[in-house]
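Remarks on the overall topology
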Amino acid sequence: MTKPLDKPPIVVAAIQLNSQQDIDANLVAISAAVAEASAKGAKLIVLPENTCSMGQQRETAQRFDELSAYMADLAKQHQVHLVAGTLPCLNRPDGSSVAQGRLRQVSQVFGPTGSLLARYDKIHLFTATVNDEHSSYNEAATFEPGTQTVTALLDIDGHCYPLGLMVCFDLRFPALAQRLRQAGAELLCAPSAFTYLTGKAHWRLLLQARALDSQCLVIGAAQGGSHRYPQGPSRQTWGHAAIMAHDGSCMSEYEHSDLAGAQNRHKTQPPFATVLATFDPKAQREARANLPIFDCHRLA
């Protein structure tokens, strides 16, 4: 794998899903989404947070190895790099059990051979009081925060495309995006499941801001619509999957929360949306040279 300055543009994809608690039904939608994005030329595909199940974290964590293998097979089948959203995991990266009965929220990158290229454990855990049916959110009650930033080196046709990994609430912390850029990232991904209200207020702004902070292309995959829980109120997520260029401009987006077919599961087409954009390394490199903010950075 080399790092030539003239490496070619690649197509990248952000997927929007409406995952419920039926893991097998969700896998049907995931498979269809990856197949469509690949058929449209995507070399890097990003799935949203909680991609296999919204809720039921501990039950889903029991299937971590099985679901990870499924994602690896998808990447291999379609010859793509796949960011498998997030999966809850019982173990830390070193194999030790997570303390106090909690889990790790894990984002994995699989390559075209099906190999695991990187694992990122979500560092910033969502804590907020929101004026919706759930009222308050405290991910730390379920998850233990990760401690390591991660940049994956993607070998696409012999060229290296460094990808910095983030998840959802991480978008509110510019230092993370900046650190990933300092580690060599050219692209950032953010599998997410923003609440409807926080997403409506901040999702697009945060994607644009992190693109500007880092001068990286930012891929925002998202959950969107209503997620039904057997006990307690349903959860509403904002959706609006989007891809932002290094200058904060929106390259492509899905302009809705709800997905066609999300409320009608018997339809032939599983509910998902595919957002595509072309990453041009040369144009981004030139823009960084014209505005060399990281040469001027003094506080980090």
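Quick note: structure is the one above.
Quick summary incoming for the structure in this document. (Residues numbered from 1 in each chain as written. Predicted model: local features only at pLDDT ≥ 70, side-chain atom pairs only at ≥ 80, totals over all residues. Heavy atoms only, no water.)

1. Some points on the sheet that holds strand β11 (residues 187–189)
Pairing is mixed in the open sheet, where six strands are placed in the order β9-β10-β11-β12-β15-β16. Both outer strands of the open sheet, β9 (151–156) and β16 (250–253), are each paired with one neighbouring strand and no more. Averaged over all adjacent pairs, the angle separating strand axes in this sheet is 20°, with direction ignored. Judged from the three bridges that link them, strand β12 (residues 217–220) and strand β15 (residues 242–244) form a sheet pairing that is antiparallel. Pairing of glycine 220 across the sheet is with alanine 242, part of β15. (Pairing = 2+ DSSP bridges. Helix = DSSP H or I, 4+ residues; strand = E, 2+ residues; numbered from the N terminus. Axes fitted to C-alpha atoms, helices over the stretch in contact; angles between N-to-C directions.)

2. Looking at the packing of helix α1 (residues 23–39) against helix α3 (residues 64–78)
Where α1 meets α3, the closest approach of the two axes is 10 Å, and the angle between their N-to-C directions is 20°. It follows that α1 is roughly parallel to α3 by the angle criterion. Handedness of the crossing formed by α1 with α3: right-handed. Residues Ile23, Leu27, Ile30, Ser31, Val34, Ala35 and Ser38 of α1 lie in contact with α3, whose contacting residues are Leu67, Tyr70, Met71, Leu74 and His78. (Parallel < 35°, antiparallel > 145°, perpendicular 65-115°, else oblique. Left-handed = near helix turned anticlockwise from the far one by under 90°. Contact = heavy atoms within 4.5 Å.)

3. Description of the nonpolar core
The biggest cluster of nonpolar side chains holds 47 residues, and the ones touching the most others in it are Val12, Leu44, Leu187 and Ile219. Among the elements that take part in this core, helix α5 (residues 196–214) stands out by supplying four residues, more than any other. When neighbours within four sequence positions are excluded, valine 12 is seen to be in contact with Ala42, Leu44, Leu187, Leu217, Ile219, Ile243, Val275, Leu276, Ala277 and Phe279. Leu27, Ala42, Ala72 and Cys89 belong to the second-largest nonpolar core, a separate cluster that totals 28 residues. (Core = buried A, V, L, I, M, F, W, Y, C linked by side-chain atoms within 4.5 Å. Buried < 20%, exposed > 50% of the residue type's maximum accessible area, 1.4 Å probe, protein only.)

4. Some words on unusual backbone geometry
One non-glycine residue, asparagine 50, lies in the positive phi region at around 50°. Position of asparagine 50 relative to the elements: it lies in the loop between β2 (42–46) and α2 (57–61). Residues other than glycine seldom take positive phi values, yet aspartate 157 does so here, at roughly 55°.

5. Let's talk about the pattern of salt bridges
Within the structure shown, the criterion is met by 12 salt bridges. A salt bridge links arginine 63 to glutamate 66, with the shortest nitrogen-to-oxygen separation between them at 2.8 Å. The closest approach of N and O atoms between arginine 92 and glutamate 144, which form a salt bridge, is 2.8 Å. Of this pair, arginine 92 sits in the loop between β4 (87–89) and β5 (104–110) while glutamate 144 sits in the loop between β8 (136–138) and β9, placing them 52 residues apart in sequence. Exposure remark for arginine 92: the relative accessible area of 21% places this residue in the partly exposed category. (Salt bridge = Lys/Arg side-chain N within 4 Å of Asp/Glu carboxyl O.)

6. Notes on the side chain of arginine 102
Turning to its location among the elements, arginine 102 is positioned in the loop between β4 and β5. Although arginine 102 lies buried, it forms no salt bridge, and the closest oppositely charged side chain, glutamate 144, sits 4.5 Å away as judged by the N-O distance. Residues contacting arginine 102, with those up to four places away along its chain left out, are Arg58, Ala140, Ala141, Thr142, Phe143, Glu144 and Pro145. (Lys, Arg positive; Asp, Glu negative; His and termini not counted.)

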